[in-house]
Amino acid sequence: MEHDKYDHDEEVLGYQKIDRYDDQKISSVATHYKDILAQLGEDPAREGLVKTPERVAKALQYLTHGYDIQPAEILRSAMFKEDYSQMVVVKDIEVFSMCEHHMLPFFGKAHIAYIPNGHIVGLSKIPRVVDAFARRLQVQERLTNEIRDCIQETLQPSGVAVVIECKHLCMAMRGVQKQNSVTTTSAFTGEFISNDKTRAEFLRLITANLH
């Protein structure tokens, strides 16, 4: 198996913080992008575009590196037994992903809560789970469900809540061209479904300015 090339030698438990490139894939994707540039009427040999196919190939591999990450393992790497059963909220998590329909970016924020049931997880792991799923070709609805399901199945909490708010460049740059529209999706389990007060508290906390 061909050895992958790393820009740096640092890697963190289950979470890749660095650019990692497969030379064979980069070369193959770059060749296709060179043809695409020509089909669009550009000259792939002109100075400004000579290295563009390789740059695009590297960018795409980085933007989809979530396929190589196991989100559940990220959570398992920092699970701790703890007698705490109140809501844990991590809000304003930056989200950057690629729409699978037009391969244009969508971006915004995720707000996540869970109610522990014997185990808590290191707080940094929740944003990393978001990133692991976001760094794939996605639709926002599936992304929301995948994050919810991963946390629920791995931690087995009393409930999980996920709300994601994003702007989609496929709407802003093409089609209806509505630059200021925001798409909100939500997904809940357990107490956040059965208990209206719990769900309302979560929604209040993610909209409150506590700074």
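Below is a summary of the structure that appears in this document. What you see is a predicted model, and the numbers here were worked out from it, not measured in a lab.

What counts, and where the lines are drawn
Residues numbered from 1 in each chain as written. Predicted model: local features only at pLDDT ≥ 70, side-chain atom pairs only at ≥ 80, totals over all residues. Heavy atoms only, no water. Helix = DSSP H or I, 4+ residues; strand = E, 2+ residues; numbered from the N terminus. Contact = heavy atoms within 4.5 Å. Areas by Shrake-Rupley, 256 points an atom, 1.4 Å probe, with all protein chains shown as cover. Phe/Tyr/Trp six-rings, centres within 6.5 Å; stacked < 30°, edge-to-face > 60°. Buried < 20%, exposed > 50% of the residue type's maximum accessible area, 1.4 Å probe, protein only. 1 Å grid on protein atoms, 1.4 Å probe; cavity = no way out; pocket = protein on both sides within 12 Å on 5 of 7 lines; lining within 4 Å. Points joined across faces, edges and corners; volume = space filled by probe spheres on them. Nonpolar A, V, L, I, M, F, W, Y, C, P; charged D, E, K, R; others polar. Polar contact = N/O pair within 3.5 Å; in protein donor to acceptor, adjacent residues only side chain to side chain. Axes fitted to C-alpha atoms, helices over the stretch in contact; angles between N-to-C directions. Parallel < 35°, antiparallel > 145°, perpendicular 65-115°, else oblique. Left-handed = near helix turned anticlockwise from the far one by under 90°.

## Describing the overall build of the chain
Piece 1. When you go through the chain residue by residue, the secondary structure sums to eight helices and nine strands.
Piece 2. Sequence separation of 24 or more characterises 66% of the internal contacts of the chain that already satisfy a separation of 6 or more.
Piece 3. For the chain, the accessible surface area stands at approximately 12,300 Å², while carbon and sulfur atoms represent 50% of it.

## A short note on the packing of aromatic side chains
The description of an aromatic ring pair uses the distance of the two centres, along with the angle that the planes make with each other.
Piece 1. Applying the stated criterion across every chain yields a total of two aromatic pairs.
Piece 2. Ring geometry for phenylalanine 188 and phenylalanine 202: centres 6.4 Å apart, planes at 85°, overall edge-to-face. Residue phenylalanine 188 is found in strand β9 (residues 183-188), and its partner phenylalanine 202 is found in helix α8 (residues 196-207); the two are separated by 14 residues along the sequence. Accessibility classification places phenylalanine 188 together with phenylalanine 202 in one group, the buried group.
Piece 3. Since its relative accessible area comes to 0%, phenylalanine 202 is described here as buried.
Piece 4. Taken together, the ring pairs connect Phe188, Phe192 and Phe202 into an aromatic cluster.

## Remarks on the layout of surface pockets
Piece 1. There is about 250 Å³ of room inside the largest pocket.
Piece 2. Put simply, the parts of the chain that give the lining of the largest pocket at least two residues each are α1 (23-39) and α2 (52-63).
Piece 3. Here the lining of the largest pocket is composed, by residue class, of seven nonpolar, three polar and two charged.
Piece 4. Considering the residues around the second largest pocket, the lining is formed by Cys99, His101, Phe106, Gln138, Val139, Gln140, Glu141, His168, Cys170, Met171 and Thr183.
Piece 5. Going through the elements one at a time, α5 (140-155) and α6 (169-172) are the ones with two or more residues in the lining of the second largest pocket.
Piece 6. Of the residues that constitute the lining of the second largest pocket, the class distribution is five nonpolar, five polar and one charged.

## What about the side chain of threonine 154?
Piece 1. Considering the arrangement of structural elements, one finds threonine 154 in helix α5.
Piece 2. Within the structure, threonine 154 has its side chain in polar contact with the backbone oxygen of cysteine 150 (distance 2.7 Å).
Piece 3. The contact partners of threonine 154, leaving out residues within four places of it in the chain, are Ala72, Leu75, Arg76 and Met79.

## Re the packing of α1 against α2
Piece 1. Contact geometry of α1 with α2 gives a least axis separation of 8 Å together with a crossing angle of 125°. Taken together, the axis directions place α1 and α2 in an arrangement best described as oblique. Here α1 and α2 pass one another in a crossing that is right-handed. Residues Lys25, Ile26, Val29, Ala30, Tyr33, Lys34 and Leu37 of α1 form the contact with α2, whose participating residues are Thr52, Pro53, Glu54, Val56, Ala57, Lys58, Leu60 and Gln61.
Piece 2. Across the contact of α1 with α2, the residue classes tally to nine nonpolar, two polar and four charged.

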